[in-house]
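# Observations on the model geometry
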Amino acid sequence: MLKNMRSDIRAVFDNDPAARSWFEVIFTYSGLHAIWAHRLAHWFYCKRWFTIARVISQASRFMTGIEIHPGATIGNRLFIDHGMGVVIGETCEIGDDVVIYQGVTLGGTGKEKGKRHPTIGNNVVIGSGAKVLGSFTVGSNSNIGSNSVVLREVPPNSTVVGIPGKIVIQDGKKADRLSHQMPDPVAARLAELQLEIEQLKKQLELENGIKPNSSRHSS
């Protein structure tokens, strides 16, 4: 337990250049307090003392503004920067050396049963305001851009941005051609509308006795 606490403190120094002393980190970093409270709550949760686990998690939420369900599984050296508004769901699994900024939600879509929250790999950075929703994996060494909404699996070594999230970099290379892995419903609907317009245009031309693609003016 003490070893894990030291590791958590070291993660703060590794990720936050504003951290100046161990005293400051221990007594003023709400993200660290939330992680420590979760480790205690998770211990009770695993012992099936669910009510005590929830009481601890709710007290931590009140004090830190960070809500971590006691059932969530968190790896080593998680760093939650600022932290206000972070929500981590019950079946969420987080790997080692993950960085989470304020306003992040690791949640479900409300449709699944059982495993319904995301699995986050190692060395993942999740930008402020990002939402990762559903039971899928965000691969190790990936970055989720601020305010992105991720609804599908993310391969390792990827950068995802946008609403809905699109892969823009994978394995160090631009991945414009990989956008099909994360469909854009807005673009799809625009394509459907364009097709409908073309069909209506052809129908009007036929009704008016105009051959499609023919010139309206003689030379």
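Residues numbered from 1 in each chain as written. Predicted model: local features only at pLDDT ≥ 70, side-chain atom pairs only at ≥ 80, totals over all residues. Heavy atoms only, no water.

## Topic: the packing of aromatic side chains
Inspection of the entire model under this criterion finds six aromatic pairs. With centroids separated by 6.2 Å and ring planes inclined at 35°, the aromatic side chains of Phe13 and Trp22 adopt a geometry described as tilted. A relative accessible area of 39% places Trp22 in the partly exposed class. Between the aromatic rings of Trp43 and Trp49, the centroid separation amounts to 6.3 Å while the plane-to-plane angle is 85°, which identifies the pairing as edge-to-face. (Phe/Tyr/Trp six-rings, centres within 6.5 Å; stacked < 30°, edge-to-face > 60°. Buried < 20%, exposed > 50% of the residue type's maximum accessible area, 1.4 Å probe, protein only.)

## Regarding helix H1 (residues 2-15)
With 14 residues, H1 extends 20 Å between its outermost C-alpha atoms, agreeing within 8% with the 20 Å of an ideal straight helix rising 1.5 Å per residue. Buried residues of H1: Ser7, Asp8, Ile9, Ala11 and Val12, and no others. Buried residues belonging to H1 abut helix H2 (22-28), helix H3 (30-46) and strand E3 (79-80). (Helix = DSSP H or I, 4+ residues; strand = E, 2+ residues; numbered from the N terminus. Expected span 1.5 Å × (residues − 1). Contact = heavy atoms within 4.5 Å.)

## Focus on empty space enclosed by the protein
A complete count under the given rule lists two cavities of 30 Å³ or more for this structure. Here the largest cavity is characterised by a volume of approximately 60 Å³. What lines the largest cavity is simply Ala34, Ala37, His38, Ala41, Ser57, Ser60, Arg61, Ile66, Glu67, Ile68 and Pro70. Elements that contribute at least two residues to the lining of the largest cavity include exactly H3, helix H4 (50-64) and strand E1 (67-68). Counting residues per element, the lining of the largest cavity draws most heavily on H3, which supplies four residues. Tallied by class, residues from the lining of the largest cavity come to six nonpolar, three polar and two charged. (1 Å grid on protein atoms, 1.4 Å probe; cavity = no way out; pocket = protein on both sides within 12 Å on 5 of 7 lines; lining within 4 Å. Points joined across faces, edges and corners; volume = space filled by probe spheres on them. Nonpolar A, V, L, I, M, F, W, Y, C, P; charged D, E, K, R; others polar.)

## Concerning the side chain of His117
Note on placement: His117 falls in the loop between strand E7 (105-107) and strand E8 (119-120). Relative accessible area serves as the criterion here: at 9%, His117 is assigned to the buried category. A polar contact of 2.7 Å, which involves the side chain of His117, links it to the side chain of Thr91. If sequence neighbours within four positions are ignored, His117 has contacts with Gly89, Glu90, Thr91, Cys92, Leu106, Gly107, Gly108, Gly134, Ser135 and Phe136. (Polar contact = N/O pair within 3.5 Å; in protein donor to acceptor, adjacent residues only side chain to side chain.)

## Regarding the packing of H3 against H4
One way to put it is that H3 packs onto H4 with a least axis distance of 8 Å and a crossing angle of 175°. In terms of orientation, H3 lies roughly antiparallel with respect to H4. Packed against H3, whose contacting residues are Ser30, His33, Ala34, Ala37, Leu40, Ala41, Phe44 and Tyr45, the element H4 presents Phe50, Ile52, Ala53, Ile56, Ser57, Ser60 and Thr64 at the interface. A per-class count over the contact of H3 with H4 returns ten nonpolar, five polar and no charged. (Axes fitted to C-alpha atoms, helices over the stretch in contact; angles between N-to-C directions. Parallel < 35°, antiparallel > 145°, perpendicular 65-115°, else oblique.)

## Examining the pattern of salt bridges
Counted by the stated rule, this structure contains five salt bridges. The partner of Arg116 in a salt bridge is Glu90, with the nearest N and O atoms 2.6 Å apart. You can see Arg116 sitting in the loop between E7 and E8 and its partner Glu90 sitting in the loop between strand E4 (87-88) and strand E5 (93-94), a full 26 residues away along the chain. The class of Glu90 is partly exposed, set by a relative accessible area of 22%. (Salt bridge = Lys/Arg side-chain N within 4 Å of Asp/Glu carboxyl O.)

## Points about the packing of H1 against H3
The interhelical angle for the contact between H1 and H3, taken along N-to-C directions, is 155°, at an axis separation of 11 Å. With respect to their mutual orientation, H1 and H3 come out roughly antiparallel. Pair H1 / H3 crosses with right-handed handedness. Residues Met5, Asp8, Ile9 and Val12 of H1 form the contact with H3, whose own contacting residues are Leu32, Ile35, Trp36 and Arg39. Residues belonging to the contact of H1 with H3 are distributed by class as follows: six nonpolar, no polar and two charged. (Left-handed = near helix turned anticlockwise from the far one by under 90°.)

## Examining the sheet that holds strand E12 (residues 143-144)
Pairing is mixed in the open sheet, where seven strands are placed in the order E3-E6-E9-E12-E14-E15-E16. Each edge of the open sheet carries a strand with a single partner, namely E3 and strand E16 (173-174). Bridge count for strand E6 (residues 99-100) against strand E9 (residues 125-126) is two bridges, and the pairing is parallel. Following the sheet pairing, Val99 is matched in E9 by Val125. (Pairing = 2+ DSSP bridges.)

Coordinates in, geometry out; function isn't part of it.
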